[in-house]
Amino acid sequence: MSLQRRTVLSSALAGAAALALPSIVRAQAGSAHVVVVGGGFGGATAARYLKAQAPQVRVTLVEPAERFYTCPFSNLYLAGLRSFESIGHGYDGLRKAGVEVIHARAEDVDASARSVRLSSGQTLHYDKLVLSPGVDMRWNALEGYDEATARLAPHAWKAGPQTRLLRQQMEAMEDGGTFVMVIPANPFRCPPGPYERAAMVAHYFQQHKPKSKILLLDNKDAFSKQGLFLQGYKALYGDMIEWVKQSDDGQVVRVDARQRVVETAFGTRHQASVLNVIPPQKAGFIADRAGVTDASGWVPIRPESFASTQVPHVHVLGDATIAAPMPKSGFAANTQGKLAAAAIAAELTGQPLPTASLANTCYSLVGTDYGISVTGVYQAQASKLVEMPGSGGVSPVQADAGFRKAEAIYGAAWYRAISTDIWGA
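All figures in this text were calculated on a predicted structure; none of them were measured in a lab.

**Concerning the sheet that holds strand E17 (residues 269-271)**
The three strands lie next to each other as E15-E16-E17, forming an open sheet whose pairing is antiparallel. Each having just a single partner strand, strand E15 (252-256) and E17 make up the two edges of the open sheet. Here the average twist between neighbouring strands, direction ignored, is 20 degrees. Summarising the sheet, E15 and strand E16 (residues 261-264) pair through four bridges and their orientation is antiparallel. When the sheet's bridge partners are listed, Asp-256 is paired in E16 with Val-261.

In structure tokens:
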């Protein structure tokens, strides 16, 4: 999935701006409690950086999983280029940094009482709440595809059992079979992710099932790094991968997971040997319980601090947010977590809010020595998040093999660096 360019800002912060503090009754920093829900790229970053910037603040991270498996690099597991455990991260590093970690599920939020109820029965009271809930699937938004049928046609869009299931199905597939991927319309988690997955599945097939094909049925007419991906597909895999855009009958409207058949808007039926359905998505359910989502199912935020526009004392990070032009990526969530941590620390200690400067880079692996990337730098201006002119771009189309190999190396280096930055390992 998406990865980071080495030349991007290492910090989401670019100094301080003389902005007025919100007119709220602020807890003294020494007795303040900040609860962070979600231990992924956004939440774990916010917890670690808040504790570093305001050591006197009590910071509690709530995350049900004792080991977090990342969507970035999960496609490499499908390709056989990484073990599953290599994309797993524990929370001992955060505990050593002074963050209290509770392994439970956040079940509900009472915004008026400023409390979070956990699956353990415990209730946590907060002065500030940070939500980084990731995404949930919009079950039944695609006819015939619900949580039960995902066990037959996995989405694998949350790293874990679904990822393992998809790999098992690939291993069991006959040589000469067809891997069909259903790709949703925007917005969804990790815009380049499906296209990197196609390349990684093709890498596996090239090694083990060379007569097989991959069919990408897409509910849009363009995608992130499109020219670079299509160029890489052709160069490395010949005609193994076929992409069908929405206007060419790529829009899937119906799924029969038991028969592994999909039907398009034009009535075309495709039979799959392995069926990978990536459905439409929305913010993780606790965002809805907290009242921070709007009618779109996503979370509007104030780009200066990633505070909710709808509920006071709540900040929301990562894939759950409406933060365009920033994409929904792990790196974006990491920089947003740093900004939110700085904003909360400033508010609790009576300092001016930081200037909102954010960055993102997504690396994608097309082959073992073939990487591509897109990058951007963003700032909050007049209550809007804007991409800074001339700050970003994509890998050059005419790059030589050495350049592509270097980008593959940079992507792997990024993953090591950001994993250490967030989880400590």
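Still more to cover.
**So, the state of the cysteines**
In protein chemistry, a disulfide is the covalent bond that joins the sulfur atoms of two cysteines. Across all of its chains, the model carries zero disulfides by this definition. Here Cys-71 is not disulfide-linked; the sulfur of Cys-190 is the nearest cysteine sulfur, at 7.8 Å. Note on Cys-71: relative accessible area 9%, which makes it buried. As a non-bridged cysteine, Cys-190 has Cys-362 as the owner of its nearest cysteine sulfur, 6.0 Å distant.

**Section: the confidence of the model for the protein**
With 93% of its residues at a pLDDT of 70 or more, the protein has an overall mean of 93. Mean pLDDT values for the elements of the protein range from 31 in strand E1 (residues 13-16) up to 99 in strand E12 (residues 178-183). Contacts from residues 1-27, a stretch scored under 50 in pLDDT, to residues over four places away or in other chains number 95 contacts.

**Some points on helix H5 (residues 193-208)**
Side chains that are three or four residues apart share a direction in an α-helix, a result of its 3.6 residues per turn. Look at H5: 22 Å from first C-alpha to last across 16 residues, which is about the 22 Å you get at 1.5 Å a residue. Burial within H5 is extensive, with 13 of its 16 residues counted as buried.

**With respect to helix H9 (residues 401-423)**
For H9, spanning 23 residues, the distance from its first C-alpha to its last is 33 Å, which sits close to the expected 33 Å at 1.5 Å a residue. Those residues of H9 that fall on the buried side of the exposure criterion are Arg-404, Ala-406, Glu-407, Ala-408, Gly-411, Trp-414, Tyr-415, Ile-418, Ser-419, Ile-422 and Trp-423. Its side-chain oxygen placed 3.2 Å from the backbone nitrogen of Gly-402, Asp-400 serves as the N-cap of H9. Following H9 by one or two positions, Gly-424 has its phi on the positive side, about 90 degrees.

**As for the pattern of salt bridges**
In this structure the tally under the stated criterion is 17 salt bridges. In this structure, Glu-85 and Arg-164 form a salt bridge, with 4.0 Å as the shortest nitrogen-oxygen distance. Of this pair, Glu-85 sits in the loop between helix H2 (74-79) and strand E5 (88-89) while Arg-164 sits in helix H4 (residues 161-172), and the two are 79 residues apart along the sequence. Taking the relative accessible area as the measure of exposure, Arg-164 reaches 34% and is therefore partly exposed. A single salt-bridge network, built from bridges that share partners, covers Glu-143, Arg-254, Glu-263 and Arg-269.

**Overview of the side chain of Thr-375**
Tracing the sequence through the fold places Thr-375 in strand E25 (residues 370-381). A polar contact is formed between the side chain of Thr-375 and the backbone oxygen of Asn-360, at a distance of 3.0 Å. At 2.6 Å, the side chain of Thr-375 and the side chain of Thr-361 are in polar contact.

**A look at the sheet that holds strand E18 (residues 274-277)**
The strand order across the open sheet built from four strands is E14-E13-E12-E18, with neighbouring strands paired in parallel fashion. The strands lining the two open edges of the sheet, one partner per strand, are strand E14 (241-244) and E18. Averaged over all pairs of adjacent strands, the angle between their axes in this sheet comes to 15 degrees, without regard to strand direction. Across six bridges, E12 lies against strand E13 (residues 213-218) in parallel orientation. Across the sheet, residue Phe-179 finds its bridge partner in E13, namely Ile-214. Set on the sheet, H4 makes contact with E12 and E18; between it and E18 the angle comes to about 155 degrees.

**Focus: the environment of His-208**
Turning to its location among the elements, His-208 is positioned in helix H5. The sequence separation of His-208 and Ser-357 amounts to 149 residues, and the corresponding C-alpha distance is 45 Å.

**Things to note about the pairing of strand E8 (residues 115-118)**
In this sheet, E8 lies alongside strand E7 (residues 106-110) in antiparallel orientation, the contact comprising four bridges. Within E8, the residue paired with Ala-106 across the bridge is Leu-118. Turn length for the E7-E8 hairpin, with the two strands adjacent in sequence and antiparallel, is four residues, and the turn residue Arg-114 shows positive phi of about 50 degrees. As defined by bridge partners, E8 adjoins strand E9 (residues 123-125) across three bridges and the pair is classed as antiparallel. When the bridges of E9 are listed, Val-116 appears paired with Leu-124. Two successive antiparallel strands, E8 and E9, enclose a turn made up of four residues, where Gly-121 displays a positive phi of approximately 95 degrees.

About the criteria used
- Residues numbered from 1 in each chain as written.
- Predicted model: local features only at pLDDT ≥ 70, side-chain atom pairs only at ≥ 80, totals over all residues.
- Heavy atoms only, no water.
- Pairing = 2+ DSSP bridges.
- Helix = DSSP H or I, 4+ residues; strand = E, 2+ residues; numbered from the N terminus.
- Axes fitted to C-alpha atoms, helices over the stretch in contact; angles between N-to-C directions.
- Disulfide = S-S within 2.5 Å.
- Buried < 20%, exposed > 50% of the residue type's maximum accessible area, 1.4 Å probe, protein only.
- pLDDT = per-residue confidence, 0-100.
- Contact = heavy atoms within 4.5 Å.
- Expected span 1.5 Å × (residues − 1).
- Polar contact = N/O pair within 3.5 Å; in protein donor to acceptor, adjacent residues only side chain to side chain.
- Salt bridge = Lys/Arg side-chain N within 4 Å of Asp/Glu carboxyl O.

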